[in-house]
Amino acid sequence: MSALDQNINNAVGGAELFDGDAAAGVHVFCGALVSRDSSGNFRPGRATNTDRVVGIAPYEVDNTAGQAGDLTVRAVKRVGFFTNSADADEITAADLMNSCYVVNDQTVSKTSNSGARPIAGKILGFEGGKVRVDVGGPDATDGDLVAANNLSDVASAATSRANIGANKGTIWFRGLALDSDPVLRAALPACTITGIATIVEGATTTVSAATI
């Protein structure tokens, strides 16, 4: 379904309020999903993965002819009802309590379209042919630490560790006498060794050279 072109009554339950500067040239209808864009401005929800959903618009704000910050958009974090997608993106009963994703300011989908869409919220059920969504909840935050935007490589532990920068550090052995031919052993978690370095802080006391 296309984006909204009129106001709708689309919010139920308790609420937390957020106010933000309207993005330039946007028209936020009452009942629309509201997102914060990468500049921090509020705008109608859209399939842009750098946006973050903050809630539902409780009233209309028309900044079509304005610049960013000319008007203020309010978003309410609460439960709302949104149009379902079709085909592979259709949300069904099997998806209850999963996250859904933003197609536009009134439509949600089952998939992120390979990471292209931001999370709208958690799927709570269905009513009147629409999807009941807890909008702007914990699921709608940025997943910076996942292996990929669409979690496609979480099954690969090595790739996941590399993507999030895990298991990186430095191990020090200090105060060992080279003359005694010490053998050093270290137990490491699964990781990628990017380098090994030694620092000799003193001279040996024997004629033969120490081997490192």
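Keep in mind that what you see is a predicted model, and the values were worked out from it rather than measured.

Peer 1: Is there a simple way to explain the overall build of the protein chain in this structure?
Peer 2: Scanning the protein chain from N- to C-terminus turns up one helix and 11 strands. Secondary structure elements in the protein chain, listed N-terminal to C-terminal, are β-β-β-β-β-β-β-β-β-β-β-α. Out of the 212 residues belonging to the protein chain, those deemed buried represent 33%. Considering only contacts within the protein chain whose residues lie at least 6 apart along the sequence, 54% involve residues at least 24 apart. Accessible area of the protein chain: about 12,600 Å², with a carbon and sulfur share of 50%.

Peer 1: Is there a simple way to think about the pattern of salt bridges in this case?
Peer 2: Any two side chains of opposite charge can pair, so long as their charged atoms come close to each other. Applying the stated rule across the entire model yields five salt bridges. Arginine 74 is paired through a salt bridge with aspartate 19; the nearest N and O atoms lie 2.8 Å apart. With arginine 74 in strand E7 (residues 72-84) and aspartate 19 in strand E1 (residues 12-21), the pair connects residues that are 55 residues apart, well separated along the chain. Of the residues examined, aspartate 19 reaches a relative accessible area of 45% and is grouped as partly exposed.

Peer 1: Would you take a moment to explain unusual backbone geometry for this structure?
Peer 2: Most of the time, phi is negative for any residue but glycine, and the peptide bond is trans. Phi is positive for aspartate 87, close to 55°, though the residue is something other than glycine. Residue classification places aspartate 87 among the exposed residues on the basis of a relative accessible area of 70%. Phi angles above zero are rare outside glycine, and asparagine 113 is one such case at about 55°. Relative to the assigned elements, asparagine 113 resides in the loop between strand E9 (107-109) and strand E10 (119-127). With relative accessibility at 44%, the residue asparagine 113 sits in the partly exposed group.

Peer 1: Just checking my understanding: could you explain a nonpolar patch on the surface for this structure?
Peer 2: A cluster of nonpolar side chains, Leu96, Met97 and Phe126, forms an exposed patch at the surface whose accessible area comes to about 280 Å². Examined against the element boundaries, phenylalanine 126 turns out to sit in strand E10.

Peer 1: Explain the environment of phenylalanine 42 to me, please; I cannot follow it from the model alone.
Peer 2: In this structure, phenylalanine 42 sits in strand E4 (residues 42-44). Owing to a relative accessible area of 6%, phenylalanine 42 belongs among the buried residues under this scheme. C-alpha separation for the pair phenylalanine 42 and valine 53, spaced 11 residues apart in sequence, amounts to 9.2 Å.

Peer 1: Even after reading the chapter, I still don't get the environment of alanine 75, so can you show me in this structure?
Peer 2: Turning to its location among the elements, alanine 75 is positioned in strand E7. Judged by its relative accessible area of 0%, alanine 75 falls in the buried class. Separated by 20 residues in the primary sequence, alanine 75 and glycine 55 have C-alpha atoms spaced 4.8 Å apart. Dropping the residues within four chain positions of it, alanine 75 is found in contact with Glu16, Leu17, Phe18, Val34, Phe42, Val54, Gly55, Ile56 and Pro58.

Peer 1: Would you mind going over the environment of phenylalanine 81 with me for this structure?
Peer 2: Within the secondary structure layout, phenylalanine 81 lies in strand E7. Once the C-alpha coordinates of phenylalanine 81 and valine 108 are considered, the two residues, 27 residues apart in sequence, prove to be 9.6 Å apart.

Peer 1: How should the nonpolar core be read in this particular structure?
Peer 2: It is characteristic of soluble globular proteins that their nonpolar side chains tend to be buried jointly. By size, the foremost hydrophobic cluster in this structure holds 14 residues, and its most contacted members are Val26, Val28, Val34, Phe42, Val54, Val73 and Ala75. Counting residues per element, the ones that place at least two in this core are strand E2 (26-28) and E7.

Peer 1: Sorry if this is basic, but what is going on with the confidence of the model for the protein chain here?
Peer 2: The predicted coordinates ought not to be read in detail in places where the model reports low pLDDT. Across the protein chain, the average pLDDT comes to 80, with 61% of residues at 70 or higher. When the criterion is pLDDT under 50, residues 142-147 qualifies, and its contacts beyond four places in sequence or with other chains add up to nine contacts.

Peer 1: Which parts of the structure should I look at to understand the pairing of strand E3 (residues 33-36)?
Peer 2: Along any regular strand, the residues point their side chains to alternate faces of the sheet. By the bridge criterion, four bridges tie E3 to strand E5 (residues 52-56) in an arrangement that is antiparallel. Residue pairing for E5: arginine 36 is matched across the bridge by arginine 52.

Peer 1: Is there a simple way to think about the side chain of threonine 83 in this case?
Peer 2: For threonine 83, the position within the fold is in strand E7. Sequence-distant contacts of threonine 83, defined by excluding residues within four places in its chain, comprise Met1, Gln106, Thr107, Val108 and Lys130.

Peer 1: For this particular structure, what's the right way to read the pairing of strand E11 (residues 130-135)?
Peer 2: Two strands pair when backbone bridges link them, and E7 and E11 are joined in this way by four bridges, in the antiparallel orientation. Within the sheet, the bridge partner assigned to phenylalanine 82 lies in E11 and is valine 131. Bridge count for E10 against E11 is six bridges, and the pairing is antiparallel. Directly across from glycine 121, in E11, lies its bridge partner valine 135. What sits between E10 and E11 in their antiparallel hairpin is a turn of two residues, with glycine 128 showing a positive phi close to 60°.

How each quantity is defined
- Residues numbered from 1 in each chain as written.
- Predicted model: local features only at pLDDT ≥ 70, side-chain atom pairs only at ≥ 80, totals over all residues.
- Heavy atoms only, no water.
- Helix = DSSP H or I, 4+ residues; strand = E, 2+ residues; numbered from the N terminus.
- Buried < 20%, exposed > 50% of the residue type's maximum accessible area, 1.4 Å probe, protein only.
- Contact = heavy atoms within 4.5 Å.
- Areas by Shrake-Rupley, 256 points an atom, 1.4 Å probe, with all protein chains shown as cover.
- Salt bridge = Lys/Arg side-chain N within 4 Å of Asp/Glu carboxyl O.
- Patch = residues over 30% accessible without salt bridge, like charges linked within 9 Å, V, L, I, M, F, W, Y side chains within 5 Å.
- Core = buried A, V, L, I, M, F, W, Y, C linked by side-chain atoms within 4.5 Å.
- pLDDT = per-residue confidence, 0-100.
- Pairing = 2+ DSSP bridges.

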